[in-house]
Amino acid sequence: VASDIAQQICDNVESSLVGKKLSSMYRVKTAVRQALEKAINRLLQPSTELDLLRQVVSKRDAFFGKRRPFVIVVVGINGVGKSTSLAKLAFFLKSNGCHPLLAACDTF
């Protein structure tokens, strides 16, 4: 996690816990965990709605007959489900009349 994001998470957790009175260590642990979950969820929640299919189709149709690719880059560490997610996304796009092309690269 980038240091500025980590600081933002800590600040959110701190602001939600300051002034709370808790009776036991168990309640403190629970309160911290809940505050941390809320802070992370707040960061990960998109601020705008994403309609990927609409964006793909609109870019495809926007260039007066010249079909332009809609590029999606997926980056992540090994084993987190990138290939599985991309296969599902490609199937979704193909099922809706698009022509997905998948390309892969690796650093090994």
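Placed above this text is the structure.
Residues numbered from 1 in each chain as written. Predicted model: local features only at pLDDT ≥ 70, side-chain atom pairs only at ≥ 80, totals over all residues. Heavy atoms only, no water.

Caption draft 1: Molecular detail of the overall build of the protein. Assigned secondary structure in the protein consists of four helices and zero strands. The C-alpha atoms of the protein give 21 Å as radius of gyration, which overshoots the globular expectation for 108 residues (13 Å, by more than 25%). If you line up the protein on its principal axes, its C-alpha atoms span 65 × 35 × 25 Å. The buried share of the protein, reckoned over its 108 residues, is 11%. Counting every atom, the protein has about 9600 Å² of accessible surface; 58% of that belongs to carbon and sulfur. Of the charged side chains in the protein, 16 are positive and 8 negative; the average position of the first set lies 5 Å away from that of the second. (Helix = DSSP H or I, 4+ residues; strand = E, 2+ residues; numbered from the N terminus. Rg over C-alpha atoms; globule rule 2.2 N^0.38 Å. Buried < 20%, exposed > 50% of the residue type's maximum accessible area, 1.4 Å probe, protein only. Areas by Shrake-Rupley, 256 points an atom, 1.4 Å probe, with all protein chains shown as cover. Lys, Arg positive; Asp, Glu negative; His and termini not counted. Charge placed at Lys NZ, Arg CZ, Asp CG, Glu CD.)

Caption draft 2: Looking closely at the pattern of salt bridges. Applying the stated rule across the entire model yields two salt bridges. For Arg33, the salt bridge is made with Glu37, and the minimal N-O distance between the two is 3.7 Å. Here Arg33 and its partner Glu37 are both found in helix α2 (residues 25-44), four residues apart, which amounts to about one turn of the helix. Take Arg33: its relative accessible area is 53%, and that puts it in the exposed class. Note that Asp51 is salt-bridged to Arg54, the shortest N-O span being 3.3 Å. You can call Asp51 partly exposed: its relative accessible area is 31%. (Salt bridge = Lys/Arg side-chain N within 4 Å of Asp/Glu carboxyl O.)

Caption draft 3: Geometry of the environment of Ala39. With respect to the helices, strands and loops of the structure, Ala39 is situated in helix α2. Ala39 sits in the buried class, given a relative accessible area of 1%. Remark: the alpha-carbon pair of Ala39 and Ala90, spanning 51 residues in sequence, is separated by 32 Å. Ala39 has contacts with Ile9, Asn12 and Val13, leaving out every residue within four places of it along the chain. (Contact = heavy atoms within 4.5 Å.)

Caption draft 4: How the structure looks around a nonpolar patch on the surface. There is a patch of nonpolar side chains on the surface, built from Leu22, Met25, Val28 and Val32 and spanning about 330 Å² of accessible area. Tracing the sequence through the fold places Met25 in helix α2. A residue is classified by how much of its surface remains accessible, and Met25, at 67% relative accessible area, is exposed. (Patch = residues over 30% accessible without salt bridge, like charges linked within 9 Å, V, L, I, M, F, W, Y side chains within 5 Å.)

Caption draft 5: Highlighting the nonpolar core. Within the largest apolar cluster, five residues are counted, these being Leu52, Leu53, Val56, Leu93 and Cys98. Each residue touching Leu93, except ones within four places of it in the same chain, is listed here: Leu53, Val56, Cys98 and Pro100. (Core = buried A, V, L, I, M, F, W, Y, C linked by side-chain atoms within 4.5 Å.)

Caption draft 6: Here's a closer look at helix α1 (residues 3-17). For α1, built from 15 residues, the straight-helix expectation of 21 Å at 1.5 Å per residue is met to within 8% by its first-to-last C-alpha distance of 21 Å. Immediately beyond the C-terminal end of α1, within one or two residues, lies Gly19, with a positive phi of roughly 90 degrees. (Expected span 1.5 Å × (residues − 1).)

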